[in-house]
Amino acid sequence: MSIKVRVPTPLQKVTGGKPEVEAEGANIKEAIENLEKNFPGIKERLYSEEGELRKFINIYVNEEDIRFLDSDKTALKDGDVVSIIPAIAGGLADHEGYLSGF
Amino acid sequence: MDFTEDQIYRYARHIILPEVGGVGQEKILKARVLLIGAGGLGSPIALYLAAAGVGKIGLLDFDVVDRSNLQRQILHTTKDIDRPKIESARDKLTSMNPDVEVVLHNTRLESSNAMELLGGYDIIVDGTDNFPTRYLVNDVCVLLGKTNVHGSIFRFEGQVTVFKTPDGPCYRCLYPEPPPPGMVPSCQEAGVLGVLPGVVGTLQATEVIKLIIGEGEPLIGKLLLYDALKTDFRKLNLRKDPKCPICGEKPTIKELIDYVEFCGMPGS
């Protein structure tokens, strides 16, 4: 089973500059664990130290926000597209490092 | 309202559209729109709204034009360097269309002045560049029942949506919290493709006109993502969060807060 994951610019440092990567997993949590193996560091950017998904990053399965589905237990099926969408403020983007710089 | 002959001629290409017509053009001429930020996003928004004949355009910005702005902020020219952005903007807008009343707000938007400033307008266009102002604009719009046309950009990517409560979601439904301060190094410029705010701002201006004339489907409950490198447009669904602290079922935020403290960073 293969899931396509769209990676936003600030996270592409972790994926070696790739805007799109493949992941395996029956749900979001498994897919992120799977990504972590190939791209170490991605998990801590998506989850807080308390193990919760960060509130300034949303994860979508196809067109739907997983917060309104089953959070990180949202089931995935072959061909699903997962999008990671961080809050961006715009302009000079003086917050650039908030995902890539820590 | 009677159009002058000049107006009938100026707005002819609108008036012949069935979706706009004389009725829609009259709505545009009577509309009051506040642009927060007269920079990269504000430039195309202001120019198109002025060209369309939006009756009252408020410009809120306290910055002066810098040479490094000119790569994308098409309201300003080399001659405007060091002038206040809103004064430079006013000159362009009034020379483009004398029908438009341009109101200047040379100030930083803060909790103490935001309710009064935004209260005088029908539609608020958020083209700011920092999180404290985004949350402040959101909360004022929810509390006052104003429509917030939101656009943001990052390098080659843009996001556009329309926040319209009580029926649609607000910015807090989308992002309950800003990135924490530990992850926000200050004043680190990331760069932005100069034409990107042109695309995103023009989409925002389109939403404003649609909202004024009441035609089409505005981006309420939809987040439009634009990727300039891939030339990719996608729409995601935004849900109203029943637990939203300001527009949810049991709101806990009933008045404005300290947004700099909330975001843990200085406003810029």
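Keep in mind that what you see is a predicted model, and the values were worked out from it rather than measured. (Residues numbered from 1 in each chain as written. Chains lettered and ligands numbered in written order. Predicted model: local features only at pLDDT ≥ 70, side-chain atom pairs only at ≥ 80, totals over all residues.)

Asker: Sorry if this is basic, but what is going on with the sheet that holds strand S2 (residues 56–60) of chain B here?
Answerer: The strands making up a sheet are joined through hydrogen bonds of the backbone, oriented either antiparallel or parallel. Residue and element names in this part refer to chain B. With mixed pairing, 8 strands are arranged side by side in an open sheet as S3-S2-S1-S4-S5-S6-S7-S8. In this open sheet, the two strands that pair with only one neighbour each are strand S3 (101–105) and strand S8 (232–237). Strand after strand, the sheet turns through a mean of 15° between neighbouring axes, direction not considered. Pairing geometry for strand S5 (residues 147–154) and strand S6 (residues 157–163), over 7 bridges, is antiparallel. Residue pairing in the sheet places phenylalanine 154 in a bridge with glutamate 157 of S6. The strands touched by helix H7 (residues 131–144) within the sheet are strand S1 (32–36), strand S4 (123–126), S5 and S6, with S4 carrying the most contacts at an inclination of about 165°. Strands in contact with helix H9 (residues 196–213) are S1, S4, S5, S6 and strand S7 (222–227); relative to S5, the strand with the most contacts, it is inclined by about 170°. (Pairing = 2+ DSSP bridges. Helix = DSSP H or I, 4+ residues; strand = E, 2+ residues; numbered from the N terminus. Axes fitted to C-alpha atoms, helices over the stretch in contact; angles between N-to-C directions. Contact = placed C-beta atoms within 7 Å.)

Asker: Whenever I open this one, the sheet that holds strand S2 (residues 20–23) of chain A confuses me. Can you help?
Answerer: Residues and elements named next belong to chain A. Read from one edge of the open sheet, 5 strands run S2-S1-S5-S3-S4, paired in mixed fashion. Since the sheet does not close on itself, it has two edges, and those belong to S2 and strand S4 (64–65), each with one partner. Taken together, the 4 bridges between strand S1 (residues 3–6) and S2 define a ladder with antiparallel strand orientation. By the bridge assignment for S2, valine 5 is matched with valine 21. Packed on one face of the sheet, helix H1 (residues 28–38) meets S1, S2, strand S3 (57–61) and strand S5 (81–86) and runs near 110° to S2.

Asker: Explain helix H4 (residues 42–52) of chain B to me, please; I cannot follow it from the model alone.
Answerer: Along an α-helix, residues three or four positions apart point the same way, because every turn accommodates 3.6 residues. Residue and element names in this part refer to chain B. With 9 of 11 residues buried, H4 is to be regarded as a mostly interior element. Where H4 is concerned, the buried positions are Gly42, Ser43, Pro44, Ile45, Ala46, Leu47, Leu49, Ala50 and Ala52. Where H4 is buried, its residues contact helix H3 (21–30), S1, S2, helix H5 (85–96), S4 and H9. In the stretch just after H4, glycine 53 is the one whose phi turns positive, near 95°. (Buried ≥ 20, exposed ≤ 12 C-beta atoms within 10 Å, placed from the backbone.)

Asker: Can you help me understand the packing of H3(B) against H9(B) in this one?
Answerer: Two packed helices can be described by the angle between their axes and the distance between those axes. Residues and elements named next belong to chain B. Viewed as axis vectors pointing N to C, H3 and H9 meet at an angle of 115°, and their least axial separation amounts to 8 Å. Considering the angle they form, H3 stands roughly perpendicular to H9. Seen along the crossing, H3 lies across H9 with a hand that is right-handed. Contact with H3, carried on its side by Gly24, Lys27 and Ile28, involves Ile209, Ile212 and Ile213 of H9 and no other residues of that element. Among the residues making up the contact of H3 with H9, the classes are represented as 4 nonpolar, 1 polar and 1 charged. (Parallel < 35°, antiparallel > 145°, perpendicular 65-115°, else oblique. Left-handed = near helix turned anticlockwise from the far one by under 90°. Nonpolar A, V, L, I, M, F, W, Y, C, P; charged D, E, K, R; others polar.)

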